[in-house]
Amino acid sequence: MKNKVLKICSVAVLLLVTIFTMSACGKKDNDASNGVIATIEGFDIESIRVFHLTDDYYNLEVGVTNTNNETKSFDFANIVLKLDNVTITHDGDAQEYDANQYFKWSFQIDIGQGLNVGDTVEVYYGTQKLKDIKVVEF
């Protein structure tokens, strides 16, 4: 029981650190330097990554810039991940962005979906394919 509680606490700390460090606003990093993956409703999608934290815990990380001249929402729930034609679910939702600002968010992927480091995942926004990415270690 003590090991289970310790493991759950470790995962919680990792998730919190990931959320706070990956939710930087206004700062682009090397992931975003590869160019724009797609522009959707005035949002440039600049980076997408799926990474492994520990055990069966994985996160979806997306960097976007609101190129609109006003504050708008971007709905991360529309980002669809597929592994071998099976949809991988995550807890992404709508987030509001200031005009002309870059943001990076990390969302937890639901456990028990058969992901492994090295798998290639197809990434879509709705039905529009964005790119294929490999699952990596954090």
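Structure: see above.
Residues numbered from 1 in each chain as written. Predicted model: local features only at pLDDT ≥ 70, side-chain atom pairs only at ≥ 80, totals over all residues. Heavy atoms only, no water.

### What about the overall build of the protein chain?
Of regular secondary structure, the protein chain possesses 1 helix and 11 strands. Along the protein chain, helices (α) and strands (β) appear in the sequence α-β-β-β-β-β-β-β-β-β-β-β when read from the amino end. Buried residues in the protein chain amount to 40% of all 138 residues. Of all intrachain contacts in the protein chain linking residues separated by at least 6 positions in sequence, the fraction that spans at least 24 positions is 59%. Carbon and sulfur atoms make up 51% of the accessible area of the protein chain, which totals about 7,600 Å². (Helix = DSSP H or I, 4+ residues; strand = E, 2+ residues; numbered from the N terminus. Buried < 20%, exposed > 50% of the residue type's maximum accessible area, 1.4 Å probe, protein only. Contact = heavy atoms within 4.5 Å. Areas by Shrake-Rupley, 256 points an atom, 1.4 Å probe, with all protein chains shown as cover.)

### Focus on the sheet that holds strand β6 (residues 86-88)
The strand order across the open sheet built from 4 strands is β6-β5-β9-β10, with neighbouring strands paired in antiparallel fashion. Two strands in the sheet have a free side with no partner beyond their single neighbour: β6 and β10 (128-134). Direction aside, neighbouring strands of the sheet carry axes that sit 35 degrees apart on average. Bridging between strand β9 (residues 120-125) and β10 involves 6 bridges; their strand directions are antiparallel. Its bridge partner being in β10, Glu122 is matched across the sheet by Asp132. (Pairing = 2+ DSSP bridges. Axes fitted to C-alpha atoms, helices over the stretch in contact; angles between N-to-C directions.)

### What about the nonpolar core?
One finds Phe74, Ile79, Leu81 and Leu115 to be the most contacted residues of the largest nonpolar core, which totals 27 residues. Those elements that place two or more of their residues in this core are β1 (38-40), β2 (43-54), β3 (57-66), β5 (79-83), β8 (102-109), β9 and β10. (Core = buried A, V, L, I, M, F, W, Y, C linked by side-chain atoms within 4.5 Å.)

### As for the pattern of salt bridges
Applying the stated criterion to the full structure yields 4 salt bridges. The closest approach of N and O atoms between Glu122 and Lys129, which form a salt bridge, is 3.3 Å. Using a relative accessible area of 38% as the deciding quantity, one classes Lys129 as partly exposed. Here Lys129 makes a salt bridge to Asp132, at a shortest N to O gap of 2.9 Å. (Salt bridge = Lys/Arg side-chain N within 4 Å of Asp/Glu carboxyl O.)

### Looking at the environment of Phe138
By secondary structure assignment, the location of Phe138 is in the segment after β11 (136-137). In this structure Phe138 comes out as partly exposed when scored by relative accessible area, which is 46%. Along the chain, Phe138 and Leu53 lie 85 residues apart, while their C-alpha atoms are 5.7 Å from each other.

### Thoughts on the environment of Ile48
Inspection of the secondary structure assignment puts Ile48 in strand β2. Overall, Ile48 belongs to the buried group, its relative accessible area being 9%. Considered as a pair, Ile48 and Glu61 are 13 residues apart in the sequence and their alpha carbons are 5.6 Å apart. Look past the residues within four positions of Ile48 in its chain and what remains in contact with it is Ile37, Leu60, Glu61, Val123, Leu130, Lys131 and Ile133.

### Brief notes about the packing of aromatic side chains
One pass over the structure, following the stated rule, counts 8 aromatic pairs. Ring geometry for Tyr97 and Phe103: centres 4.5 Å apart, planes at 65 degrees, overall edge-to-face. Accessibility classification places Tyr97 together with Phe103 in one group, the buried group. Grouped by ring-pair contacts, the aromatic residues Phe43, Phe74, Phe76, Tyr97, Phe103, Phe107 and Tyr125 constitute a single cluster. A cation sits over an aromatic face here: Lys82 above Tyr124, 5.2 Å from the ring centre. (Phe/Tyr/Trp six-rings, centres within 6.5 Å; stacked < 30°, edge-to-face > 60°. Lys NZ or Arg CZ within 6 Å of the ring centre and 35° of its normal.)

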